[in-house]
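Read off the chains here:
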Amino acid sequence: MSSPSAGGAARLRLLAEAGLLAVVAAGVLLDSRAYPGSLAEGAPGPAFFPRLLAVLLMVCAAGLAIRAARQPPDPDPGRSRGNVVGGSGAGRGVRLGLGAAWIAVFLLAWPRLGTLVSVPLLVAGLMWLTGERSRLALISVPLAFAAFIYLVFMVALGVPLPTGF
């Protein structure tokens with residue numbers, strides 16, 4: 001394995017991200033064990049979507065791990081690579097921590113505020129943390145995403161989501 005100074009730092013970062021995704025996926029799988037498999041014959045039950053999400057997160061984690069294994073040594077470690085938002089490593093770590101805290105606040109507020117209020121706040125906050133500054137995008141994308149969630153889950157699938165208040 002190469003040293004942390006050249007391509008090793010990027011490789012370690014990718015492995016850490018893969019590990020974090022794998023831990024989240026494992027947590028979702030563990031939590032979904034308590035959900036019933038199906039409520040009606042031939043229809044997906046409450047456990048279907050969390051388990052599907054967990055499997056997709058595991059696939060993403062495996063992809064990141066494979067990408068880390070194939071990561072060539074970085075000839076210029078001071079230069080930003082890929083789709084990483086510019087800034088120092090500490091700045092990225094702060095944004096990652098703020099993003100995790102924002103998701104935790106969302107999970108606590110979601111039952112109280114409801115889906116249609118909390119989801120746009122979550123999406124707008126995460127978009128802002130990743131560098132989006134367009135007011136139009138920060139308003140339209142979260143509202144469209146909340147409408148999509150509402151239409152797909154509550155209207156089309158009949159999945160009860162927190163309504164709040």
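Here, the structure is the one placed above.
The model shown is predicted, which means the values in this text are computed figures rather than measured ones.

A. Looking closely at the overall build of the chain. Looking only at helices and strands, the chain features five helices and zero strands. For the chain, the succession of helices and strands along the chain, N to C, is α-α-α-α-α. Scored against the burial criterion, the 165 residues of the chain give a buried share of 22%. Roughly 10,800 Å² of accessible area belongs to the chain as shown, and the carbon and sulfur atoms make up 73% of that amount.

B. Looking closely at the packing of aromatic side chains. Going through the model one piece at a time under the given rule, you end up with three aromatic pairs. Geometrically, the ring pair formed by Phe49 and Phe153 is edge-to-face, given 5.4 Å between the ring centres and 75° between the ring planes. Taken as a pair, Phe49 in helix H2 (residues 48-69) and Phe153 in helix H5 (residues 135-156) lie far apart in primary sequence, 104 residues in all. Accessibility expressed as a relative area gives 33% for Phe49, which makes it partly exposed. Between Phe106 and Trp110, the aromatic rings sit 5.4 Å apart at their centres with planes inclined by 20°, giving stacked as the arrangement. Note that Phe106 and Trp110 are positioned in helix H3 (residues 89-113) at a spacing of four residues, about one turn of the helix. On the basis of relative accessibility, which here comes to 12%, the residue Phe106 falls in the buried class.

C. The nonpolar core, seen in detail. Membership of the largest hydrophobic core is limited to eight residues, which are Phe106, Val119, Leu122, Val123, Met127, Ala137, Leu138 and Ala146. The dominant element in this core, judged by the number of residues it contributes, is helix H4 (residues 115-129), at four residues. With residues up to four places along the chain from it excluded, the contact list for Met127 reads Glu132, Ala137, Leu138, Val141 and Pro142.

D. Highlighting helix H1 (residues 8-32). Its 25 residues give H1 an end-to-end C-alpha distance of 36 Å, which sits within 8% of 36 Å, the value for a rise of 1.5 Å per residue. Of the surrounding secondary structure, the elements contacted by the buried residues of H1 are H2.

E. Structural view of H4. For H4, with 15 residues, the first-to-last C-alpha span of 21 Å sits near the 21 Å given by 1.5 Å per residue. Three or more residues of H4 are buried, namely Thr115, Ser118, Val119, Pro120, Leu122, Val123, Gly125, Met127 and Leu129. Positive phi appears at Gly131, one or two residues downstream of H4, with a value of about 110°.

F. Summary view of the side chain of Ser118. Turning to its location among the elements, Ser118 is positioned in helix H4. Note on Ser118: relative accessible area 4%, which makes it buried. A polar atom in the side chain of Ser118 sits 2.6 Å from the backbone oxygen of Gly114.

G. View of the environment of Glu17. Within the fold, Glu17 resides in helix H1. Of the residues examined, Glu17 reaches a relative accessible area of 34% and is grouped as partly exposed. Between the C-alpha atom of Glu17 and that of Ala68, which follows or precedes it by 51 residues, the distance is 9.9 Å.

Scoring rules and cut-offs
Residues numbered from 1 in each chain as written. Predicted model: local features only at pLDDT ≥ 70, side-chain atom pairs only at ≥ 80, totals over all residues. Heavy atoms only, no water. Helix = DSSP H or I, 4+ residues; strand = E, 2+ residues; numbered from the N terminus. Buried < 20%, exposed > 50% of the residue type's maximum accessible area, 1.4 Å probe, protein only. Areas by Shrake-Rupley, 256 points an atom, 1.4 Å probe, with all protein chains shown as cover. Phe/Tyr/Trp six-rings, centres within 6.5 Å; stacked < 30°, edge-to-face > 60°. Core = buried A, V, L, I, M, F, W, Y, C linked by side-chain atoms within 4.5 Å. Contact = heavy atoms within 4.5 Å. Expected span 1.5 Å × (residues − 1). Polar contact = N/O pair within 3.5 Å; in protein donor to acceptor, adjacent residues only side chain to side chain.

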